[in-house]
Structures are given as C-alpha cells and as structure tokens.
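Each chain, letter by letter, is given below.
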Amino acid sequence: MANDASAAFDTLSPAVSKGSLADPFTPPADSSLWRKNFLLGAATASYQIEGAVDEDGRLPSIWDTFSATPGKVLAGDTGAVACDHYHRWEADIDMLASLGLEGYRLSIAWPRVMDAAGRPNRKGLDFYKRLLNRLKEKGITSFVTLYHWDLPQHLEDRGGWLNRDTAYRFADYTDLMSRELAGTVDAWATLNEPWCSAYLGYGNGHHAPGLANDRFATQAMHHLLLAHGLAIPVLRGNDPASQKGIVANIGRGTANSDSAADQRAAHLFEVQHNAWILDPLLKGEYPQDLFELWPGTEPLVLDGDMRTIAAPLDFLGINYYFRTNVASDGAHGFRDVPLEGVERTQMGWEVYPDGLRDLLTGFKKTYRNLPPIYITENGMASDDKVIDGHVDDAQRISFLKRHLAAVDQAIKAGVDVRGYFLWSLMDNFEWAFGYERRFGVVHVDYSTQKRTVKRSAELVAKFLKERKARV
Ligand code: FCB
C-alpha cells in the first residue's frame, strides 16, 4: 500500500494540523465518552515493549527466532531491548497513571513464566505480580492478554499451532497464570487477534513462525480457537470475579463497484477477516463461505470442539484499524483496490472511522448473543519527531477524536461498548515493521530510552481530568 501520510496531513483542517486549536480532542458534550464508567486506557504487548529476552530464565519465543532471521523484519530490528520495559516498568506505570489513564491492557510472555516441562518460572511470574499489584494500588483497571503472539519456541518446534497439543499446553499455562494471579486481574483475554496468529503466521508467512499455506492457516485457527475455548472454564474456575473474553481484529471491506461480483468480494473479505473468528465463537460454526474462498482447506475438527470454542464470553475485545476496498479477483476471491486521494497513516492504512461504527452495528444484528464490547486497540502510526521537547502528533489527535466519535455513534445505535484502549501507550516494536512505525501516544527515543509524552496523550489526559472533575 502507498505510504501517503504527508498527503493525508494536508487533508486535516489547517488549524488542527498546525496544532493551533486550543483543544482538537475533547469530545462534544453529548458524547457517551463523558460517562464516567466508560473505561479509557492504553494497551501494550509483552514482546513489543519488554526486552530482556534472555533474562531471569525467559525462554526463546517464535518472535526471537523470526526477528533473528534475515529479511523478516524491517532493518533487522528485534525485540531484544525494545522499550526496556522489563527494567523500567515502575516509571512506565507512573507515566500511565500521571496521564490519568484508567485502564491498562498488557500481555504476559508465556516463555517468561513457564519452562519447557510446564513448571513455573518464579522470577518471570514475580515480574507480572509486581506490575499487577502496582496497577491495583494505583486504581488502574487491568486487562491481561495471555497470548499476544510470543509462543515459546519449544512448542513451535513441535508444530506450534498446527499441533493440537499446543491448545492443551495453552490451557495448562492459563491454569498456572490464573492460579498465581487471581485477584489482581480485572479482565482476562485468552488470545490477541487469532486472525493474525493463524493467517499472518501460517497463511502468508508475514509474521512468526513464517509459514505460508492456506490449509495451515485454517488448522492453526482451529487450534487457537480451541485453546481459547479450553481456557475459558479454567479462568472461571480459578478467578471467578474477573471478566473473561478474547480479542479479535476486525476489518471493514467495501466493494469497489455496485457489481454483484464486487459486492460478493467485499462480503468474502469480511467473512475471511471477521466471520472466520466470530462465527465459531458466537455461533459455534465456521462460515461455509470461507471454504468457497479457500476450497479444500476445512480444518480437522473433533467432536465437541465447536461447543468448547463457543463457551460464553463476558466481553469481546475488538481491535480496529482501517478499511480495505476490494474487487472480485475474477475467480473465487477478492483483490485489494487501494483508493486514491484518501487519508492514510504511516502504515499506508486508510483512516476510516465509519468502518468501526458500521462493523459494530452490523455485529449487533448478526450475533444475537454479542457480548459487551471493549475496543481493545485503536490508533495509528506516524513518523513523530521530538522538536524542542514536544511531539505535535496532530494527525493522531484527529484520528482518535474521529474514532471515538464512531464509538459514540455505535453506542447510540444500541451497541454495548464499555471502554476503549489506545494502541499504544508508547512507541514500540511493530512486528515486521520494527521500530520505524510509531504507534505510541508517548514517544520513545530508542538510543536513550527517554519517554516524551506526545500532544495526543496530553489532550487525552486533559479530557480525563475534566471528566473526573465533573459532578
Ligand atoms: C495489532 C496488534 C498490535 C499492534 C497493532 C498495530 O494487530 O495486536 O500488537 O501491532 O496491530
């Protein structure tokens, strides 16, 4: 996709892009965002921020292996140091609290807390205990993701998510974590974005472990969802007071024309991105259209699996970033047709807040048992620079404002959205794009590890302060 961020910038109102508006962020008076129980927080993930990859008994993960493989990650970047959060966590939590953020979504590195024989690694566990206790002291709501892509390499060596046994190993890991951390976690998410783990990891190879086969993708997805379904009752047993859910990335696909073929292509895009995950979770079945798109890729499903996968959820985490405009590929599928003249981010992703609203209202119609929703990630990358000690990230401010307005519209249309986490608290290791893409509301200088609060974070903090002060 074209990297068109500078052109996009010109599409903002001049006052906003020059940063001369007093407050281009604060939601209008009638926005649901003013409700005090609408949780506003920030998100991160272990491999993207922690560093310390071989300290205190942490084992290698598939991302250590993948990022060490030449050509897989931009500029050869790895998560070896990242934001050095493993050593700087106290200051980072102070920073989060000083911004007035009410929620923090983090993930646990599986290879840090369990050895290859399934025994606990105390030092790794203690890191998360200290962190979660500190969040509790500060009154920050914790959302803990058990799997944000850093699979222990020793499990990948035995087939990773292509091996059904990995789902049972995940249930064991969940059991250990929920026994150890019960009472310190407000909400557990089993998996982050199974679509990315299955499709980018095993379907097109852009992510670790780097395999590329559609049949692998559907089988990996089945084992990921099974892992999720096995973990939910474990969490309920060990930590009854917490909320239990899963985080899915969703994509908006729109048709390039009114032709039946292009309309069908847009439908198939959303089947592949959304229904592939949400149908098994909420209806207990895979969408049959998926196998029209990828003929002959039906996964091996054992008796009872679909019932396990459809375990009732307390919440559904939704990550939303952009829309994709598609046309028919002339056969069974779709092809991307990038639109000209639209606003894009440093990733080349189109800024399209309506997509978030439309998907949320659509899910409410499709899934009668749609659980309460948290937007567990939303945000954008820009090539932010510190100038005179400040970062004026005007495009991000406008992006956040418009996406929060889309959330408000969905709420007003009857969707039960309870919170929103910015991706991300700070710039970090953006997977295959390394450190070049900056998603944080706090800037990180990787040569000094200095954190600089961006203008977007200042404005979020200002809003939260005003909301708190309201009677
Ligand atoms: C999501 C990931 C997250 C981050 C954002 C930009 O797919 O969950 O870790 O990389 O994209």
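Structural notes, computed from the coordinates. (Residues numbered from 1 in each chain as written. Predicted model: local features only at pLDDT ≥ 70, side-chain atom pairs only at ≥ 80, totals over all residues. Heavy atoms only, no water.)

### Quick look at the overall build of the chain
For the chain, the count of helices and strands is 17 helices and 11 strands. The C-alpha atoms of the chain give 21 Å as radius of gyration, which agrees with the globular expectation for 471 residues (23 Å, within 12%). In the chain, which comprises 471 residues, the share counted as buried stands at 60%. Surface summary for the chain: the accessible area is close to 17700 Å², and the carbon and sulfur share equals 52%. Taking the average place of the 51 positive charges on the side chains of the chain and the average place of its 61 negative ones, the gap between the two points comes to 5 Å. (Helix = DSSP H or I, 4+ residues; strand = E, 2+ residues; numbered from the N terminus. Rg over C-alpha atoms; globule rule 2.2 N^0.38 Å. Buried < 20%, exposed > 50% of the residue type's maximum accessible area, 1.4 Å probe, protein only. Areas by Shrake-Rupley, 256 points an atom, 1.4 Å probe, with all protein chains shown as cover. Lys, Arg positive; Asp, Glu negative; His and termini not counted. Charge placed at Lys NZ, Arg CZ, Asp CG, Glu CD.)

### Section: the environment of Met114
Within the secondary structure, Met114 is located in the loop between α6 (110-113) and α7 (122-137). Classification of Met114 by relative accessible area gives buried; the value is 8%. The spatial distance from the C-alpha of Met114 to the C-alpha of Leu176 is 8.7 Å, given a sequence separation of 62 residues. Apart from the residues within four sequence positions on either side, Met114 is in contact with Leu59, Arg119, Asn121, Asp172, Tyr173 and Leu176. (Contact = heavy atoms within 4.5 Å.)

### Section: the nonpolar core
With 134 residues, the main nonpolar core has Trp63, Tyr147, Trp161, Phe170 and Trp276 as its most contacted residues. If we ignore the near neighbours within four places in the chain, the residues touching Trp63 are Tyr47, Val73, Trp149, His207, Ala208, Phe429, Trp431 and Ala432. In this structure, Ala43, Ala187, Tyr321 and Phe439 belong to the second largest nonpolar core, which totals 16 residues. (Core = buried A, V, L, I, M, F, W, Y, C linked by side-chain atoms within 4.5 Å.)

### Re the side chain of Lys454
Take Lys454: it is sitting in the loop between β11 (450-453) and α17 (455-469). Look at Lys454 and you get buried, because its relative accessible area is 0%. In this structure the side chain of Lys454 is engaged in a polar contact, spanning 2.8 Å, whose partner is the backbone oxygen of Gly440. (Polar contact = N/O pair within 3.5 Å; in protein donor to acceptor, adjacent residues only side chain to side chain.)

### Some points on the pairing of strand β3 (residues 141-147)
Among the 7 residues in β3, 6 count as buried, and that is most of the element. Judged from the 5 bridges that link them, strand β2 (residues 103-107) and β3 form a sheet pairing that is parallel. Bridge pairing links Tyr104 to Ser142 in β3. Relative to strand β4 (residues 187-192), β3 runs parallel, the two sharing 4 bridges. By the bridge assignment for β4, Tyr147 is matched with Leu191. (Pairing = 2+ DSSP bridges.)

### A closer look at the site of the ligand
All residues in the neighbourhood of the ligand are listed as Gln48, His148, Trp149, Asn192, Glu193, Tyr321, Glu377, Trp423, Glu430, Trp431 and Phe439. Contacts to the ligand include Glu377, whose side-chain N or O atom sits 3.0 Å from an oxygen atom. For the ligand, whose accessible area on its own is 290 Å², the fraction buried by protein is 95%. By residue class, the composition of the shell around the ligand is 5 nonpolar, 3 polar and 3 charged. (Near = heavy atom within 4 Å. Nonpolar A, V, L, I, M, F, W, Y, C, P; charged D, E, K, R; others polar.)

### Things to note about the environment of Arg418
Relative to the helices and strands, Arg418 resides in strand β9 (residues 417-423). When the C-alpha atoms of Arg418 and Leu33 are compared, they prove to be 9.6 Å apart, with 385 residues separating the residues in sequence. What Arg418 contacts, discounting residues up to four positions off in sequence, is Asn37, Phe38, Leu39, Pro372, Ile373 and Tyr374.

### Regarding unusual backbone geometry
What you tend to see is this: most non-glycine residues have negative phi, and most peptide bonds are trans. The amide bond that connects Ala208 to the next residue, Pro209, takes the cis arrangement and shows omega of 5 degrees. With respect to the helices and strands, Pro209 occurs in the loop between α10 (194-203) and α11 (214-238). The amide bond that connects Trp423 to the next residue, Ser424, takes the cis arrangement and shows omega of 15 degrees. Here Ser424 shows up in the loop between β9 and β10 (442-445). For Ala52, which is not glycine, the phi dihedral falls at a positive 45 degrees. Here Ala52 lies in the loop between α3 (46-49) and α4 (62-67). Classification of Ala52 by relative accessible area gives buried; the value is 7%. In this structure, Ala82 is a non-glycine residue whose phi angle is positive, near 50 degrees. Here Ala82 is to be found in the loop between α4 and α5 (85-98).

### Quick look at the packing of α11 against helix α12 (residues 260-283)
Close contact between α11 and α12 brings their axes to 11 Å; oriented N to C, the two are set at 35 degrees. Pair α11 / α12 crosses with right-handed handedness. Here α11 contributes Ala217, Thr218, Met221, Leu225 and His228 to the contact with α12, which in turn contributes Trp276, Ile277, Pro280 and Leu281. Looking at the contact of α11 with α12 residue by residue, the class counts come to 7 nonpolar, 2 polar and no charged. (Axes fitted to C-alpha atoms, helices over the stretch in contact; angles between N-to-C directions. Left-handed = near helix turned anticlockwise from the far one by under 90°.)

### What about the pairing of strand β1 (residues 39-43)?
Within β1, 5 of the 5 residues are buried, which leaves it mostly tucked inside the rest of the structure. Here β1 shows no split at all, with Leu39, Gly41 and Ala43 on one side and Leu40 and Ala42 on the other all buried. Note that β1 and β9 share 5 bridges and pair parallel. Counterpart to Ala43 in the pairing with β9 is Trp423. Pairing between β1 and β2: 3 bridges, direction parallel.

### Notes on the pattern of salt bridges
Inspection of every chain in the model, using the stated rule, returns 36 salt bridges. Note that Glu90 and Arg134 form a salt bridge whose closest N and O atoms lie 3.0 Å from each other. Of this pair, Glu90 sits in helix α5 while Arg134 is found in helix α7, placing the two residues 44 residues apart along the sequence. In this structure Glu90 comes out as partly exposed when scored by relative accessible area, which is 39%. (Salt bridge = Lys/Arg side-chain N within 4 Å of Asp/Glu carboxyl O.)

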